[in-house]
Structures are given as C-alpha cells and as structure tokens.
Amino acid sequence: MARRIVAAIGGNALGETLPEQRRAAGETARVLGGLIQGGDQIVLVHGSGPQIGLISAAMTGLARRDPEHPMAPLSVCTAMAQGYIGYDLQNALGEELLRRGIRRPVVTLLTQVEVDPADPAFDHPDKPIGPFLTEAEAREMECRGNPVMEDAGRGWRRAVASPQPKRVVELESIRTLLDGGSVVVAGGGGGIPVAAVGNALKGVGAVVDKDFTAALLARELNAQVLLILTGVAGVAIHYGKPNQRWLTHMTVPVAETYLSRGEFPPGSMRPKVAAGAAFAKSASGRRCVITDLAHAEEALRGQAGTTIA
Ligand code: ADP
Ligand code: MG
C-alpha cells in the first residue's frame, strides 16, 4: 500500500515577497515530486504567518483610505492567503509532475477548521504573524491595540490568538480527492478558523497553527508520516545558546518532558514538537519528521532531521 504523508511547509520558508514565494514553491514541488514519483500519496499543508500579516496590512490600508471597505477579518485574510499560496504550490506541483512524466491531478482546497470559542488560547495571543518589526515599530503596533511578541530571537512581530483546530470541515472532500489519486493542498495557513453558531460557521479572529492542523489531518487521513518542513534542519535543545544540541530522535515521552519543561518557544518550535508527539502517540507505526526541504528525503530515511516516534 502507498505510504501516505501529510507534509507541512512553513510560511516562513515560503519567503517574504511574491517572487520569493514562487521560487520556494518550486523548491517544495521538486522535493514532493520526488516523493510522489517514489509512490507516496501527499497532502500538503502550508503555513502563512508572514503572508497573512502582509494581506492584513494591505487590507487595513484599503479600509483607512476608503470607508466603504470595512477591516478585513483575519479569517478572510487566511482565505486570501490559501488562495494565492495554493495557486503557486498547485501550479509548481503541476509543472514538476509533468517534468517527471507523472499524470496526476493537483488541487488546492479552501479549508475551514472549527475552533472552540472558549479555547484558552484566546486569552493569550502567542502566534507571531506578519513581517519582523523593530522594537519601536512593535511598541507602536501595541499602542494601536495589536498585541506583539518577540519571535524566537529573530525580532518583534504582531501576536494573535492561536486556538486548537477541533475539526476539519472539508475533511471528506480531502479524503475523496486523495483516495482518487490527487495531490491535495489543504488546510493552508492552518485553515480558516470558524466557530459553529447554529447551522452557520462564523469566521473567528485567530490564526490556527498549521502544524496542529497538519497533525489533525494526518490522524484523520490515517497517514503514516507527518513531515514538518521548516527553516531549520532539525530540532535542538538549548536552541541558540552555547550548549545547543541537535536531536536526531525523540521518543514521545522525551518530547513530552521537553514540552512540559517549556524547552521550545510557543509560536515556532513548540507547536511542531507538540503536534508531532501527539500524532506519533495516536497510533502505532506513526511518526513525525521535522527538518528542512534540503534534508527531507534523508530525514524520511532517518538519516537527518529530527524524528519523533
Ligand atoms: P514555520 O514557518 O516553518 O512554522 P516557525 O518560525 O514557526 O517556522 O518555527 C521554526 C523556527 O523555530 C526555526 O526556524 C527556528 O528559528 C525556531 N526555533 C525555536 N526554537 C527552536 C529549537 N529548539 N530548535 C530548532 N529551531 C527552533
Ligand atoms: Mg510556525
């Protein structure tokens, strides 16, 4: 039976500008193309922290210039990011598969995820979005009522609430497409966060971490591997400190011990290790591999990156 992989590519690895994103989509497609040629079924989830911030800033500029335009909710910004990032990935994957002589449909699915309005995450915005700011710019943003945070030693950014995804609304459509042989891009930006109000699903002002959405999809689709592709080759403890040490393998209890000690920063490495440990724990034979695009194939063979199993 074909191996089923849910791959998650970081919004930060997709670059900061449109041309950078096209290049990154091409690199992502080359790596995934190799896996698909080897017989793997792929669902690709992408992040969009930086991109949602840019879209939100552009939409805020529009709302300031023209009172006809209300402020775009974060949920709408995520929908927009799913569209234009999905387009680049779908386009690049299509080209890459043709180059390899593989005839396989590629499809991007707008995806909503249900969140709990009572999720405690709403009281503690801890997901960084948008471009990096100087401390002065961050203070100014804070004065305008937007919380800010320091992002893993890289600079200041706007902070938003990041609740857990409870349910992928379009799950059955994703499953049908995957079973039918399509390569599916879904759950982009962690999915569009919605809350159920009667029969309606209402957009919520939050950004779900795509690592948790990818893990939820991997569980629901009965994948064997959750492949988290990010900006570093693996997970380290004491990251950025003189005693930093890269981890090649973590058992679930070891990962849980590190998490309970607060070893990994929220909004960057913590969600990856938490999502990976939860997935690895959910059934036997499931593992999570955290690495960058350059090491993906080696890491899947257990020869690079960090495996949680
Ligand atoms: P993505 O966009 O892929 O989700 P994030 O920026 O959210 O990426 O998280 C990955 C980043 O977390 C890495 O690029 C690195 O800068 C940072 N990081 C923080 N702590 C660690 C750690 N312990 N080990 C490795 N990377 C870490
Ligand atoms: Mg992230």
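Remember, predicted model here, so these are calculated numbers, not experimental data.

A word on the pattern of salt bridges
Link 1 in the chain: Using the criterion set out here, one finds 16 salt bridges in the structure.
Link 2 in the chain: Between Arg 139 and Glu 142 there is a salt bridge, with the nearest N and O atoms lying 2.7 Å from each other. Taken together, the positions of Arg 139 and Glu 142, both in helix α4 (residues 135–143) and 3 residues apart, correspond to about one turn of that helix.
Link 3 in the chain: A relative accessible area of 34% means that Arg 139 is categorised as partly exposed.
Link 4 in the chain: Of the residues examined, Glu 142 reaches a relative accessible area of 37% and is grouped as partly exposed.
Link 5 in the chain: Residue Arg 144 is joined to Glu 140 by a salt bridge in which the shortest nitrogen-to-oxygen separation is 3.4 Å.
Link 6 in the chain: When its relative accessible area of 48% is taken as the criterion, Arg 144 is described as partly exposed.

Examining the packing of aromatic side chains
Link 1 in the chain: Summed over all chains, the structure comprises 2 aromatic pairs.
Link 2 in the chain: Measuring from centroid to centroid gives 6.4 Å for Tyr 239 and Trp 246, while their planes differ by 75 degrees, and the two rings are edge-to-face.
Link 3 in the chain: Owing to a relative accessible area of 47%, Tyr 239 belongs among the partly exposed residues under this scheme.
Link 4 in the chain: Between the aromatic rings of Tyr 258 and Phe 264, the centroid separation amounts to 6.1 Å while the plane-to-plane angle is 75 degrees, which identifies the pairing as edge-to-face.
Link 5 in the chain: Its relative accessible area of 3% is what places Phe 264 among the buried residues.
Link 6 in the chain: The cationic tip of Arg 139 hangs over the ring face of Trp 156; the distance from NZ or CZ to the ring centre is 4.7 Å.
Link 7 in the chain: The ring of Phe 132 is capped by Arg 157, whose NZ or CZ atom sits 4.7 Å from the centre of that ring.

Structural notes on the packing of helix α2 (residues 49–65) against helix α3 (residues 74–99)
Link 1 in the chain: In the contact formed by α2 and α3, the axes pass within 9 Å of each other and the chain directions differ by 120 degrees. In terms of their interaxial angle, α2 and α3 are classed as oblique. The handedness of the crossing between α2 and α3 comes out as right-handed. Contacts between α2 and α3 pair Gln 51, Ile 52, Ile 55, Ser 56 and Met 59 from the former with Leu 74, Cys 77, Thr 78, Met 80, Ala 81, Tyr 84 and Ile 85 from the latter.

Here's the deal with the UniProt feature "domain: Aspartate/glutamate/uridylate kinase" (unreviewed entry) in the chain
Link 1 in the chain: Sequence positions flagged by UniProt for "domain: Aspartate/glutamate/uridylate kinase" (unreviewed entry) are, in local numbering, residues 4–292.
Link 2 in the chain: The span residues 4–292 is 40% helical and 24% strand by assignment, and the distance between its end C-alpha atoms comes to 19 Å.

Brief notes about unusual backbone geometry
Link 1 in the chain: Of note, Asn 222 is a non-glycine position whose phi angle comes to about 60 degrees, a positive value.
Link 2 in the chain: Within the element layout of this structure, Asn 222 appears in the loop between α6 (210–220) and β12 (225–229).

Observations regarding the environment of Thr 307
Link 1 in the chain: On the secondary structure map, Thr 307 appears in strand β17 (residues 306–308).
Link 2 in the chain: Owing to a relative accessible area of 9%, Thr 307 belongs among the buried residues under this scheme.
Link 3 in the chain: Sequence-wise, Thr 307 and Ala 278 are 29 residues apart; in three dimensions their C-alpha atoms are separated by 13 Å.
Link 4 in the chain: Once you skip the residues sitting within four places of it in the chain, Thr 307 turns out to touch Thr 248, His 249, Met 250, Arg 287, Cys 288, Val 289 and Ala 299.

Looking at the sheet that holds strand β2 (residues 41–46)
Link 1 in the chain: Taken together, the 8 strands give an open sheet; going across it, the order is β3-β9-β2-β1-β12-β16-β17-β15, and neighbouring strands pair in mixed fashion. Two strands bound the open sheet, and with one partner strand each, they are β3 (106–109) and β15 (249–250).
Link 2 in the chain: Each of β1 (4–9), β2, β9 (183–186) and β12 touches helix α1 (residues 18–37); the most contacted strand, β2, lies at about 155 degrees to it.

Brief notes about the packing of α6 against helix α8 (residues 269–282)
Link 1 in the chain: At their nearest, the axes of α6 and α8 sit 8 Å apart, and the two run at 10 degrees to each other. In terms of orientation, α6 lies roughly parallel with respect to α8. Each of Lys 210, Asp 211, Phe 212, Ala 215, Ala 218 and Arg 219 in α6 lies in contact with α8, whose residues at this interface are Pro 271, Lys 272, Ala 274, Ala 275, Ala 278, Phe 279 and Ser 282.
Link 2 in the chain: When its residues are assigned to classes, the contact of α6 with α8 shows 8 nonpolar, 1 polar and 4 charged.

Observations concerning the site of ligand 1
Link 1 in the chain: Around ligand 1 lies a shell of 17 residues, among which Arg 154, Lys 210, Thr 230, Ala 236 and Lys 272 are the nearest.
Link 2 in the chain: Gly 11 places a main-chain nitrogen or oxygen 3.4 Å from an oxygen atom of ligand 1.
Link 3 in the chain: Protein chains bury 94% of the 570 Å² of accessible surface belonging to ligand 1 in isolation.
Link 4 in the chain: Contributions of two or more residues to the shell around ligand 1 are made by β13 (235–237) and α8.
Link 5 in the chain: Partitioning the shell around ligand 1 into residue classes produces 7 nonpolar, 7 polar and 3 charged.

A word on the sheet that holds strand β4 (residues 112–114)
Link 1 in the chain: With respect to topology, 4 strands assemble into an open sheet ordered β8-β4-β10-β11, the strand pairing being mixed. Two strands in the sheet have a free side with no partner beyond their single neighbour: β8 (167–168) and β11 (200–203).
Link 2 in the chain: Of the strand pairs in this sheet, β4 and strand β10 (residues 192–197) are connected by 3 bridges, and their pairing is parallel. Residue pairing across strands places Gln 112 opposite Ile 192, the latter belonging to β10.

About the cut-offs
- Residues numbered from 1 in each chain as written.
- Chains lettered and ligands numbered in written order.
- Predicted model: local features only at pLDDT ≥ 70, side-chain atom pairs only at ≥ 80, totals over all residues.
- Heavy atoms only, no water.
- Salt bridge = Lys/Arg side-chain N within 4 Å of Asp/Glu carboxyl O.
- Helix = DSSP H or I, 4+ residues; strand = E, 2+ residues; numbered from the N terminus.
- Buried < 20%, exposed > 50% of the residue type's maximum accessible area, 1.4 Å probe, protein only.
- Phe/Tyr/Trp six-rings, centres within 6.5 Å; stacked < 30°, edge-to-face > 60°.
- Lys NZ or Arg CZ within 6 Å of the ring centre and 35° of its normal.
- Axes fitted to C-alpha atoms, helices over the stretch in contact; angles between N-to-C directions.
- Parallel < 35°, antiparallel > 145°, perpendicular 65-115°, else oblique.
- Left-handed = near helix turned anticlockwise from the far one by under 90°.
- Contact = heavy atoms within 4.5 Å.
- UniProt positions renumbered as here; feature names shortened; annotations may be inferred.
- Pairing = 2+ DSSP bridges.
- Nonpolar A, V, L, I, M, F, W, Y, C, P; charged D, E, K, R; others polar.
- Near = heavy atom within 4 Å.
- Polar contact = N/O pair within 3.5 Å; in protein donor to acceptor, adjacent residues only side chain to side chain.
- Areas by Shrake-Rupley, 256 points an atom, 1.4 Å probe, with all protein chains shown as cover.

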